[in-house]
Amino acid sequence: MTGGGPAEPAAYLVERLREALAHDPRVAELGISVTVSGDAVLLTGDVATPERKAAVTEVVEPLLEGRTLHNGVTVATLAEVDTREELA
Amino acid sequence: MIRVAAVGDIHVGLDSGGCLRPHFEHVAERADLLLLAGDLTRHGDPGEATVLADELRDVDVPTVAVLGNHDHHSDAGDRITAQLVEAGICVLEGDSTVVAVDGSTVGVAGSKGFGGGFAGACATDFGEPEMKAFIGHTRGVADRLGSALGSLDADVRIALLHYSPVEDTLRGERLEIYPFLGSYLLAEAIDRAGADLVVHGHAHGGVEKGMTPGGVHVRNVAQPVIKHAYHVYCLGGPDGSACD
């Protein structure tokens, strides 16, 4: 947003952020959900490491144009393999 | 009885060294072979494939993989395939392999697969060349998968994919993106050829269990779905024996 004009419509911002998260090699994630609500931007989904969650913030923050980021991305942990399924 | 470990969407990056190895080093105690259902790297960088090969170096069961869309992002799919093959991993795309397990044989036919959508709402190869190319690609990979599966001579037959052949395992994903998550053409090819199990990934927001219209078990093993290093499925051998 420049010159005090109207804020970018939320729908376009959502896709701009999703494109950035997909194409920036620090993240390269297609599965992060972006929700814009008023001045807040909420990100949800899973990444493998805390560093990748931090990278999500690094990639998105410069694009927010004053909105507030809520990085709700979860760092996935792998449970011990302790079960198996029998398929007839 | 054949024990199949499977996982997809492990998205190994340059920063992943040491993250997966501890989870895979004991796989031979739990399974007879390991299937990798694509998206093995973050963005298809050969450097990531080097890390991946190192993470899998202690896996001492036959390992069979297909690539996923992320593995093609840097246009280096052939190089990544070569790196994995050099590391002892069988990488399939429209072909198959047979593994001997304790007196039985398990055949795996594999393909990345592709999108297009599902019966009643599937994209059609009509109109612009780009649309024809999109569905043409799906038809091509489905046909090659079906041929590979149909020609398998094994006690147990498995189809290994990245994209989903059914809607069942996509529940939880947004309906609008189903056409980018899989195609019924894959299920149709599998049902015609026959199989005991289909394994796929790609749908991080989906669910694990489904079935083809022809009654073949489908399992979405995307790691964000199964939340384990891998899941293990037991399939009967020629005598129909189940898990011990």
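Refer to the structure presented above.
All values derive from a computational prediction rather than experimental measurement.

The rules we used
- Residues numbered from 1 in each chain as written.
- Chains lettered and ligands numbered in written order.
- Predicted model: local features only at pLDDT ≥ 70, side-chain atom pairs only at ≥ 80, totals over all residues.
- Pairing = 2+ DSSP bridges.
- Helix = DSSP H or I, 4+ residues; strand = E, 2+ residues; numbered from the N terminus.
- Axes fitted to C-alpha atoms, helices over the stretch in contact; angles between N-to-C directions.
- Contact = placed C-beta atoms within 7 Å.

Asker: Just checking my understanding: could you explain the sheet that holds strand β4 (residues 68-71) of chain A for this structure?
Answerer: Either a parallel or an antiparallel arrangement is found when strands of a sheet pair, and the pairing is made through backbone hydrogen bonds. Residue and element names in this part refer to chain A. On the basis of which strands lie adjacent, the open sheet formed by three strands has the order β1-β2-β4 and mixed pairing. In the strand order of this sheet, the two ends are held by β1 (33-37) and β4, each with one partner. Pairs of neighbouring strands in the sheet enclose a mean axial angle of 20°, with direction left out of account. In the sheet, strand β2 (residues 40-44) pairs with β4 via four bridges, with the strands oriented parallel. Bridging across to β4, leucine 42 finds its partner in histidine 70. Lying on the sheet, helix α2 (residues 50-60) is in contact with β2 and β4; it crosses β4 at an angle near 160°.

Asker: Would you mind showing me how to read the environment of Glu15(A) here?
Answerer: Summarising the element assignment, Glu15(A) is placed in helix α1 (residues 10-23). C-alpha separation for the pair Glu15(A) and Val34(A), spaced 19 residues apart in sequence, amounts to 8.2 Å.

Asker: Help me out: how do you make sense of the sheet that holds strand β5 (residues 95-101) of chain B in this one?
Answerer: All names here are of chain B. In spatial order, the strands read β5-β6-β7-β8-β10-β9; together these six strands make up an open sheet with mixed pairing. Two strands bound the open sheet, and with one partner strand each, they are β5 and β9 (209-211). Adjacent strand axes in the sheet meet at a mean angle of 25°, parallel and antiparallel pairs treated alike. Examined bridge by bridge, strand β7 (residues 156-161) and strand β8 (residues 197-200) share three bridges and lie parallel to one another. For leucine 160, the partnering residue across the bridge sits in β8 and is valine 199. Relative to strand β6 (residues 104-111), helix α5 (residues 129-150) is tilted by about 170°, and along the sheet it contacts β5, β6 and β7.

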